[in-house]
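# Chains, contacts and geometry: an overview
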Amino acid sequence: MTHPAATAAADAALPDAALILRAAFQHDGLVVIDGVLSGAALDSFRDQVCRELTEPSIPPESGTPSGVDLSQPCTWPRGSARRVIEVVTPGVGQHWEHLRASPALGTALDALLGQGAWEMHINQTHGGACDVRHWYCPVVFPEELPKAILAIASSSCGGGGGGGGEGGGR
């Protein structure tokens, strides 16, 4: 356990932005870090997450629905179905190198965990069983679809807008 005086001394050396970030994390348990990925790297990462939602190459946790297509709301899990899907993306694509080299992410991790107190590992670069999951992206779906999404679901999912139901995706 770190002595309170040592923690106070370390905190005093941090810039105000780092202290604010750390305080927000301690209060809320999460923080949003802007500017980590942008442009083509962000698009590539989002595309990979979408592909993995539909057809996971690394098997997800037991009970996780598959066949979820973000462009097809009728495939989204709803109601009592598991609505948080942990997408485990293989460490493939230039976006992973952008993520590793991101000054915004590195600065935030230094502020939250301490300078030099963390390493950036990525998931395996192939499909199949994953011994260690370094990264996953939780994708959260609403319990009930908003009216605007229901209209899209009705037109794109055969008129019922239903789909997913209790069991989740297809």
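Residues numbered from 1 in each chain as written. Predicted model: local features only at pLDDT ≥ 70, side-chain atom pairs only at ≥ 80, totals over all residues. Heavy atoms only, no water.

Turning our eyes to something else, we now look at the overall build of the chain. When you go through the chain residue by residue, the secondary structure sums to six helices and two strands. When the helices and strands of the chain are placed in sequence order, the string is α-α-α-β-α-α-β-α. Summarising the internal contacts of the chain: among those between residues at least 6 apart in sequence, 69% fall at separations of at least 24. Summing over all exposed atoms, the chain offers an accessible surface of approximately 10200 Å²; the carbon and sulfur share of this is 57%. (Helix = DSSP H or I, 4+ residues; strand = E, 2+ residues; numbered from the N terminus. Contact = heavy atoms within 4.5 Å. Areas by Shrake-Rupley, 256 points an atom, 1.4 Å probe, with all protein chains shown as cover.)

Residue-level pLDDT values for the chain average 80, and 80% of them are 70 or greater. Throughout residues 160-170 the model reports pLDDT below 50, and contacts reaching past four residues in sequence, or to other chains, amount to 34 contacts. (pLDDT = per-residue confidence, 0-100.)

Taken as a whole and assessed by the stated rule, the structure comprises four salt bridges. Arg46 serves as the salt-bridge partner of Asp43, at 2.5 Å between the closest nitrogen and oxygen. Residue Asp43 and its partner Arg46 are located together in helix α3 (residues 39-54), separated by three residues, close to a single helical turn. Ionic pairing is found between Glu143 and Arg83, a salt bridge with its closest N-O pair at 3.9 Å. Placement of the pair is Glu143 in the loop between β2 (137-140) and α6 (147-156) and Arg83 in the loop between α3 and β1 (84-87), with a sequence separation of 60 residues. Given a relative accessible area of 46%, Glu143 falls into the partly exposed group. Residue Arg83 is classed as partly exposed on the basis of its relative accessible area of 24%. (Salt bridge = Lys/Arg side-chain N within 4 Å of Asp/Glu carboxyl O. Buried < 20%, exposed > 50% of the residue type's maximum accessible area, 1.4 Å probe, protein only.)

Within helix α5 (residues 103-113), the full set of buried residues consists of Leu105, Gly106, Ala108, Leu109 and Ala111. Buried residues along α5 sit in contact with α2 (16-28) and α4 (94-101). Looking one or two residues beyond α5, the residue adopting positive phi is Gly114, at roughly 110 degrees.

Turning next to the packing of aromatic side chains. Taken as a whole, this structure holds three aromatic pairs when the rule is applied. Pairing Phe45 with Trp96 gives two aromatic rings, centres 5.5 Å apart and planes at 70 degrees, and the pair type is edge-to-face. Here Phe45 is found in helix α3, whereas its partner Trp96 is found in helix α4, with 51 residues between them in sequence. Here the two residues Phe45 and Trp96 agree in accessibility, since each one is buried. With 5.5 Å between their ring centres and 50 degrees between their planes, Trp76 and Phe141 make a pair best called tilted. (Phe/Tyr/Trp six-rings, centres within 6.5 Å; stacked < 30°, edge-to-face > 60°.)

On to the nonpolar core. The biggest cluster of nonpolar side chains holds 20 residues, and the ones touching the most others in it are Leu53, Val87 and Phe141. Going through the elements one at a time, α3, β1, α4, α5 and β2 are the ones with two or more residues in this core. The dominant element in this core, judged by the number of residues it contributes, is α3, at four residues. Here Leu53 is in contact with Ser66, Gly67, Val68, Leu70, Ile85, Val87, Val139 and Phe141, once residues within four sequence places are set aside. (Core = buried A, V, L, I, M, F, W, Y, C linked by side-chain atoms within 4.5 Å.)

On to the environment of Ile58, then. You can see Ile58 is positioned in the loop between α3 and β1. Each C-alpha atom of the pair Ile58 and Val88 lies 6.3 Å from the other, and the pair is 30 residues apart in sequence. Residues contacting Ile58, with those up to four places away along its chain left out, are Glu52, Val88, Thr89, Pro90, Asn123, Gln124, His126, Gly127, Gly128 and Cys130.

At a minimum axis separation of 8 Å, α3 and α4 run at an interaxial angle of 120 degrees. Relative to α4, the element α3 is oriented oblique. As α3 runs across α4, the sense of the crossing is left-handed. For the pair α3 and α4, contact is made by Ala41, Ser44, Phe45 and Gln48 and by His95, Trp96 and His98, respectively. (Axes fitted to C-alpha atoms, helices over the stretch in contact; angles between N-to-C directions. Parallel < 35°, antiparallel > 145°, perpendicular 65-115°, else oblique. Left-handed = near helix turned anticlockwise from the far one by under 90°.)

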